[in-house]
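Structural characterization, general
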There are 2 protein chains.
Amino acid sequence: MNAGSKDKNATRRAFLKGAVAAGATVTGTAALTSAKAGPDPLISEVQEWASGLGDGVDATPYGLPVRFEGDVIRRNVEWLTADTISSINFTPIHALDGTITPQGCAFERHHSGAIELKKQDYRLMINGLVDRPLVFSYADLERFPRENHVYFCECAANTGMEWAGAQLNGVQFTHGMIHNMEYSGVPLKTLLNEAGLGEAGNLADKWIYVEGADASSNGRSIPMEKALDDVLVAFKANGEALRKEHGYPVRLVVPGWEGNLWVKWLRRVEVANGPVESREETSKYTDTLEDGVSRKWTWVMDAKSVVTSPSPQSPILHGPGPLVINGLAWSGRGSITGVDVSIDGGMNWRPARLAREGESKALSRFYLDVNWDGTEMLLQSRARDDTGYVQPTKRQLREARGENSIYHNNCIQTWWVRSNGEAENVEVS
Amino acid sequence: MNAGSKDKNATRRAFLKGAVAAGATVTGTAALTSAKAGPDPLISEVQEWASGLGDGVDATPYGLPVRFEGDVIRRNVEWLTADTISSINFTPIHALDGTITPQGCAFERHHSGAIELKKQDYRLMINGLVDRPLVFSYADLERFPRENHVYFCECAANTGMEWAGAQLNGVQFTHGMIHNMEYSGVPLKTLLNEAGLGEAGNLADKWIYVEGADASSNGRSIPMEKALDDVLVAFKANGEALRKEHGYPVRLVVPGWEGNLWVKWLRRVEVANGPVESREETSKYTDTLEDGVSRKWTWVMDAKSVVTSPSPQSPILHGPGPLVINGLAWSGRGSITGVDVSIDGGMNWRPARLAREGESKALSRFYLDVNWDGTEMLLQSRARDDTGYVQPTKRQLREARGENSIYHNNCIQTWWVRSNGEAENVEVS
């Protein structure tokens, strides 16, 4: 293709004029700016990446991100917990787009560390008020009819540090205790029916108690109504086996409800007459109000959204002109029907564009394409779900629940974006 | 929770009775069998994974699959190509479920190896019959309105070795040149309009020529109609930056069309009066018929499906009884509306269950839940798309196109499953 390469040289020359001509357009301006920054590899005669061979297909039997993306990783906050065994790390949502969270950077929360459990050693017991207690091996679970669903999993403590005004400077840390994956598994209902619920009598007042195989066991109580609704016993996420840190080989998926219920390394499901009132649902994962009374059984994650870019970890790196405001929205009660964005701290709102129609109990990606004038912004987003619920302001939430809570903070987040493009976590009164 | 642990001991005793009782049910039988295999960790007093602490949240800043899943990787076939620089590896679809393919195990096809190209060095030129040639930096691309779509990418040669009856013994190798990811990027249409198409005049007979920044450049011609339809200039897959082997930082996404058009490390888009007739669309990626005449411009990947389990790499490991027949279906022309499954080599067909409603130009997961009687099966699947097209048999395809082709083999695949659960790639006449 000599002709072809001649063309290329021709068009490279053309580009120099073109870029100048393009200077008249906003995008052209950006292109010109970047083209001016350092020698342009398109113009230089030798491009190292085009002058030799790259890696073969045997180089990465299982691939990892390119080294230039080495900062797009889960991070924990050292001062948050006494150690990393019972702790949290955060999804780098400031650097992600779309809605799927890769398992490799999906946040983790463990109570006694991520254990290693072989499929061959795995057992799931269903006992208590059932017609016949059963134990399932991993191979048994694979023989039941399977379902696939994309669901978000959010820690009840996500954004919790905002209650009393602590302002972590990064959306990864304020909102990163969340992931969104396509889960494959067996409905819990199917396994409960296999064990038989006749023994349980009236199911309306029955509960299940679920626990994991790790030392903490992380036992939680769930009303039978939810157990028989959409709860999954999952063994794949995003098509693949669960990662060790996500509960390999089997975890519970409790759509729309707080992540602590999504028991990893699921070991046992007991059918009982009432809740156990375990540690994880009394001293933890309850919400203490202003008057000292604690709300309990606050399982559902209400509608919430956040702008992921621009944000403190994702500043604007260009001047005025076209800017993509980018964010995530979700609701544990159903689908996101709309997201509004404000650039003036909530005085005026503009409808954002949902990248796809909202899916029930799954992340939605929203965009607002603006022509930034280069002045500072107070960026906010406000989600709506198909129940009509609207994401509250921080003030509204504090008026209702005070400042003693740790969990279930779904308030509107504000980023102060300066004219230099840098962003900061702030409160607007 | 002493009471709790007492309960656990109680229920472990109960399980012993339970398992026997459960022996009456098929699933119980399976459970009993597996419980009998070796000491049951549920019964033993010490479970190593529950008696200590696991890994902390700082153990895997970026996570990899658990070591027990080390065989779920991309594999190449050494005899297929002269070297691994211009070669293919295959997605381990025999071991995956759901529809999303993680980037780390999504098949690769390179023509001169996977190159390493920094975002800072990246440029995309649009030239040819445009009002003003433009060059875009990566930062420029991020300023245009973005879209997210889940699309499959299938190599035109996928299943090609079946034409002449070569029968690779594994669905990873017969059908694994495919992946399905959520892509985020800018519509190519937006960038073409930025450069201006007035110069091109009547667009109906115009083409674009796209090439990559690697040494092969892998140039391909695409009709303007498709370029202005749903083609994406993508920079994220499954939320994350593209992996190096998938075209970091930018690749072309050409929904429903053969993978060779999905140019990686996208460098240039030229608007032209006609196709270039490059190497990759003349000596390669054309389909030679029985009479020696070659079909060209055969871009669309027609409706296709395959049973991924049971299959040669995923034999049935249990006896008669409940069995999940599991597979994938897709169409480059639209959505999958149905999949039929036959266990007798195509004499009788039963409708499979789609895990979710079919999405346009994306993988669908289907299941057929059967009660296997333990006798041998000739397993087949047959996909239908929303154009009414039905996946053909191998015989129908050969009658139409002979056996000289390499590309676009979308015929019905047959697995011979023996009564011992092992499966083999066979042809049925």
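Residues numbered from 1 in each chain as written. Chains lettered and ligands numbered in written order. Predicted model: local features only at pLDDT ≥ 70, side-chain atom pairs only at ≥ 80, totals over all residues. Heavy atoms only, no water.

**Digging into the relation of the copies chain B and chain A**
- Overlaying chain B with chain A gives an RMSD of 0.0 Å, the required rotation being 180 degrees about an axis along which the chain moves by 0.0 Å. Considering both components of the superposition, the chain copies are consistent with a two-fold axis. It is Pro102 of chain B whose C-alpha, among those of chain B, lies nearest the rotation axis, at 3.5 Å.
- The fraction of interface residues of chain B whose copies in chain A are also interface residues reaches 99%, indicating that both copies meet through the same surface. (Least-squares fit on C-alpha atoms with pLDDT ≥ 70 in both. Contact = heavy atoms within 4.5 Å.)

**Considerations on the packing of aromatic side chains**
- This model, assessed by the stated rule, comprises 22 aromatic pairs over all chains.
- An angle of 25 degrees between the planes, with centres 5.6 Å apart, marks the rings of Trp297 of chain A and Trp299 of chain A as stacked.
- For Trp297 of chain A, a relative accessible area of 21% puts it in the partly exposed group.
- Here the aromatic rings of Phe136 of chain B and Phe144 of chain B are separated by 5.8 Å at their centres, their planes lie at 75 degrees, and the arrangement is edge-to-face.
- Its relative accessible area of 6% is what places Phe144 of chain B among the buried residues.
- The rings of Trp207, Trp257, Trp297 and Trp299 of chain A are connected pair by pair, giving a single aromatic cluster.
- Sitting over the face of the ring of Trp416 of chain A, Arg418 of chain A holds its NZ or CZ atom 4.4 Å from the ring centroid. (Phe/Tyr/Trp six-rings, centres within 6.5 Å; stacked < 30°, edge-to-face > 60°. Buried < 20%, exposed > 50% of the residue type's maximum accessible area, 1.4 Å probe, protein only. Lys NZ or Arg CZ within 6 Å of the ring centre and 35° of its normal.)

**Examining the sheet that holds strand E23 (residues 423–425) of chain B**
All names here are of chain B.
- The strand order across the open sheet formed by five strands is E18-E17-E21-E22-E23, and the pairing between neighbours is antiparallel. On the outer flanks of this sheet lie strand E18 (350–351) and E23, each paired with one strand and no other.
- In terms of strand pairing, strand E17 (residues 336–342) meets strand E21 (residues 377–385) through six bridges, oriented antiparallel. When the sheet's bridge partners are listed, Ser342 is paired in E21 with Gln380. (Pairing = 2+ DSSP bridges. Helix = DSSP H or I, 4+ residues; strand = E, 2+ residues; numbered from the N terminus.)

**Some points on helix H5 (residues 188–195) of chain A**
Residues and elements named next belong to chain A.
- Three or more residues of H5 are buried, namely Leu188, Leu191, Leu192, Glu194 and Ala195. Buried residues of H5, seen end-on, are gathered within an arc of 155 degrees and therefore sit on one face of the element.
- One or two residues past the end of H5 sits Gly196, with phi positive at roughly 90 degrees. (Arc of directions from axis to C-beta.)

**Let's talk about the pattern of salt bridges**
All names here are of chain B.
- For the structure on display, the rule yields 64 salt bridges over all chains.
- Lys206 serves as the salt-bridge partner of Asp205, at 2.9 Å between the closest nitrogen and oxygen.
- Classification of Lys206 by relative accessible area gives buried; the value is 7%.
- Between Arg220 and Glu281 there is a salt bridge; the shortest N-O distance is 3.2 Å. (Salt bridge = Lys/Arg side-chain N within 4 Å of Asp/Glu carboxyl O.)

**Quick look at the pairing of strand E22 (residues 414–417) of chain A**
Residue and element names in this part refer to chain A.
- For strand E21 (residues 377–385) and E22, the ladder comprises four bridges, and the chain directions are antiparallel. Opposite Leu378, over in E22, you have Trp416 as the bridge partner.
- Bridge count between E22 and strand E23 (residues 423–425): three bridges; the pairing is antiparallel. What sits directly across from Trp416, in E23, is Glu424.
- What sits between the antiparallel neighbours E22 and E23 is a turn of five residues, in which Gly421 has the positive phi angle 95 degrees.

**Regarding the confidence of the model for chain A**
All names here are of chain A.
- Model confidence for chain A is summarised by a mean pLDDT of 90, while 90% of its residues fall at 70 or above.
- Contacts for the low-pLDDT stretch residues 1–39, under 50 throughout, to residues beyond four places or in other chains number 50 contacts.
- Note on the complex model: pTM 0.92, ipTM 0.91. (pLDDT = per-residue confidence, 0-100.)

**Points about the sheet that holds E21 of chain A**
Residue and element names in this part refer to chain A.
- In spatial order, the strands read E18-E17-E21-E22-E23; together these five strands make up an open sheet with antiparallel pairing. In this open sheet, the two edge strands, each paired with only one partner strand, are strand E18 (350–351) and E23.
- As paired elements, strand E17 (residues 336–342) and E18 share two bridges and run antiparallel to each other. Paired with Val341 across the strands is Arg350, a residue of E18.

**As for the interface of chain B and chain A**
- Contacts between the two partners involve 123 residues from chain B, matched on the other side by 123 residues from chain A.
- Summing both sides of the interface, chain B and chain A together bury roughly 10700 Å²; the carbon and sulfur share of this comes to 58%.
- Sorting the residues of chain B by area buried against chain A places Trp49, Val57 and Arg143 of chain B first, and these three jointly supply 9% of that buried surface.
- In this assembly, chain B and chain A are joined by 10 salt bridges. (Buried area = accessible area lost by both parts, 1.4 Å probe.)

**Digging into unusual backbone geometry**
Residues and elements named next belong to chain A.
- In this structure, Pro249 follows Tyr248 across a cis peptide bond, with omega equal to 5 degrees.
- By the element assignment, Pro249 lies in the loop between strand E10 (240–241) and strand E11 (251–253).
- Despite not being glycine, Asn238 shows a phi value in the positive range, around 50 degrees.
- Of note, Asn238 is situated in the loop between strand E9 (232–237) and E10.
- For Asn238, a relative accessible area of 3% gives the class buried.
- If you check the backbone angles, Trp265 has positive phi at about 50 degrees while not being a glycine.
- Along the chain, Trp265 turns up in the loop between E11 and strand E12 (266–272).
- Note on Trp265: relative accessible area 2%, which makes it buried.

**Examining the environment of Lys284 of chain A**
Residues and elements named next belong to chain A.
- Position of Lys284 among the secondary structure elements: in the loop between E12 and strand E13 (287–288).
- Overall, Lys284 belongs to the partly exposed group, its relative accessible area being 34%.
- Considering only alpha carbons, one finds Lys284 and Ile406, 122 residues apart in sequence, at a separation of 9.5 Å.
- Residues within four places of Lys284 in sequence aside, it is in contact with Arg279 and Tyr407.

**Quick look at the side chain of Thr174 of chain B**
All names here are of chain B.
- In this fold, Thr174 is placed in helix H4 (residues 171–175).
- Among the residues examined, Thr174 registers a relative accessible area of 2% and is labelled buried.
- Within polar-contact distance, the side chain of Thr174 engages the side chain of His175 at 2.8 Å.
- In contact with Thr174, not counting residues within four places along its chain, are Asn158, Thr159, Glu162, Leu168, Trp415 and Asn425. (Polar contact = N/O pair within 3.5 Å; in protein donor to acceptor, adjacent residues only side chain to side chain.)

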